[in-house]
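# Architecture and fold: a report
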Amino acid sequence: MTADEKTSLARLLFTAGDYLRDGFHLPGEEYSFSDDEAFYPDEPVISAAVPVSADSLETVAAEIRECTGCPLHGERKNAVPGEGVARPLVLVIGEGPGADEDASGRPFVGKAGQLLDKMLASVGLSREKNCFIANMVKCRPPNNRDPLPEETAPCSRFLTRQIGLLNPKVILCLGRISAQTLLKTGASLGSLRGSFVSYHAGDTPQGAMTIPLLPTYHPSAILRDESYKRPVWEDLKLLRQMLIEKDPDYALEAGEGEA
Ligand code: URA
């Protein structure tokens, strides 16, 4: 392929990608290529033709389904990459798939998932409309135990790529393991919840990002002990308030915006 042909193809692919992702064409960079004969002898094609921004949620999901990076892959029926909208207001991060999620390949579809859907709906959110739901680890820990550091560590590269691609306005972090792992702290969830912290997702392929992150109790904690319901509702109200400040469309739907 000649340099001109490569440039035309790159423009076409990038424009199509922008339309699919955002519904409009971003002002593009110019792409510079050399002709095949001059190009192939010295450089691998991938360095010029596949820039980092060619990464996609589908690519990450496909890699997760093939991953053998920790022992959890050996027992899985299905890996659970996550699901939701591609430009979410909220990225919800749970801990790891349970039996129902392992069986279906979808996050939060069991009892805790049904409660999560109700929690989100109470503040105008859903995985169909404005959220993406993911987990710290993408394969089921046996007997629903907490994911171990040697499982969260290799899996975190997938979550980092998902965060970069999704670029959520806010992260809602469910449960102690997710909060402690993401925030790199041993502090109790009781002391972390109740306010937003700035989460520095510094090493995403899209560059450094700082995203407001709200830790709260996992819905399965509420299913075990109803007394967690009140603090979770307090946290959801904080989430709603933050989204009203950050997103005019959400604010309008919440009845707090300017028409
Ligand atoms: N609990 C989690 O943390 N994640 C799921 O996907 C399901 C239950």
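Structure: see above.
The structure contained in this document is the topic of the report that follows. In this text, all values refer to a predicted model and were calculated from it rather than measured experimentally. (Residues numbered from 1 in each chain as written. Predicted model: local features only at pLDDT ≥ 70, side-chain atom pairs only at ≥ 80, totals over all residues. Heavy atoms only, no water.)

### Quick word on the sheet that holds strand β5 (residues 197–204)
Formally: For two strands to be treated as a pair, DSSP must find at least two bridges joining them. Numbering of helices and strands starts at the N terminus; helices are DSSP runs of H or I of at least 4 residues and strands are runs of E of at least 2. The contact definition used throughout considers only heavy atoms, calling two residues in contact when any of these lie within 4.5 Å. Where helices are involved, their axes are fitted lines through C-alpha atoms of the stretch in contact, as for all axes, and angles between N-to-C directions lie from 0 to 180°.
Sheet architecture is open: six strands sit in the order β1-β3-β2-β4-β6-β5, paired in mixed fashion. Pairing within the sheet leaves two strands with one partner each, and these edge strands are β1 (83–84) and β5. As paired elements, strand β2 (residues 90–94) and strand β4 (residues 170–174) share four bridges and run parallel to each other. The residue of β4 that forms the bridge with Ile-93 is Cys-173. Across the sheet, helix α6 (residues 111–121) touches β2, β3 (131–135) and β4, and the angle it forms with β3 is around 145°. The sheet strands contacting helix α11 (residues 229–246) are β2, β4 and β6 (207–216), and the helix crosses β6 at an angle near 145°.

### Some words on the pattern of salt bridges
Basically, it comes down to this: For this document, the term salt bridge refers to a Lys or Arg side-chain nitrogen within 4 Å of an Asp or Glu carboxyl oxygen. Relative accessibility thresholds used throughout: buried, under 20% of the residue-type maximum; exposed, over 50%; partly exposed, between the two (1.4 Å probe, protein chains only).
What the rule picks out here adds up to twelve salt bridges. A salt bridge links Glu-253 to Lys-129; its shortest N-O distance comes to 3.2 Å. Here Glu-253, found in helix α12 (residues 248–253), pairs with Lys-129, found in the loop between α6 and β3; they are 124 residues apart in sequence, far enough to count as distant. What makes Glu-253 exposed here is its relative accessible area of 64%. Glu-151 is the partner of Arg-145 in a salt bridge, and the nearest nitrogen-oxygen pair spans 2.7 Å. Members of the salt-bridge network, linked through shared partners, are Glu-83, Arg-106, Asp-117 and Arg-127.

### Side note on the site of the ligand
Note the cut-off: Being near a molecule or strand, for a residue, comes down to having at least one heavy atom within 4 Å of it. Residues adjacent in sequence count toward polar contacts only when both atoms are side-chain atoms; beyond that, a polar contact is any pair of N or O atoms within 3.5 Å, and within protein one must be able to donate a hydrogen and the other to accept it. Throughout, the Shrake-Rupley method with a 1.4 Å probe supplies accessible areas, and for residues the shown protein chains are the sole cover considered.
In the region of the ligand, the neighbouring residues are Gly-94, Glu-95, Gly-96, Pro-97, Glu-101, Pro-107, Phe-108, Asn-135 and His-218. Taking Glu-95, its main chain carries an N or O atom lying 2.8 Å from an oxygen atom of the ligand. Within the contact set of the ligand, a nitrogen atom lies 2.8 Å away from a side-chain nitrogen or oxygen of Asn-135. Summarising the interface, the protein chains cover 91% of the accessible area of the ligand, which totals 240 Å² for the free molecule.

Purely geometric stuff here, so don't read any function into it on its own.
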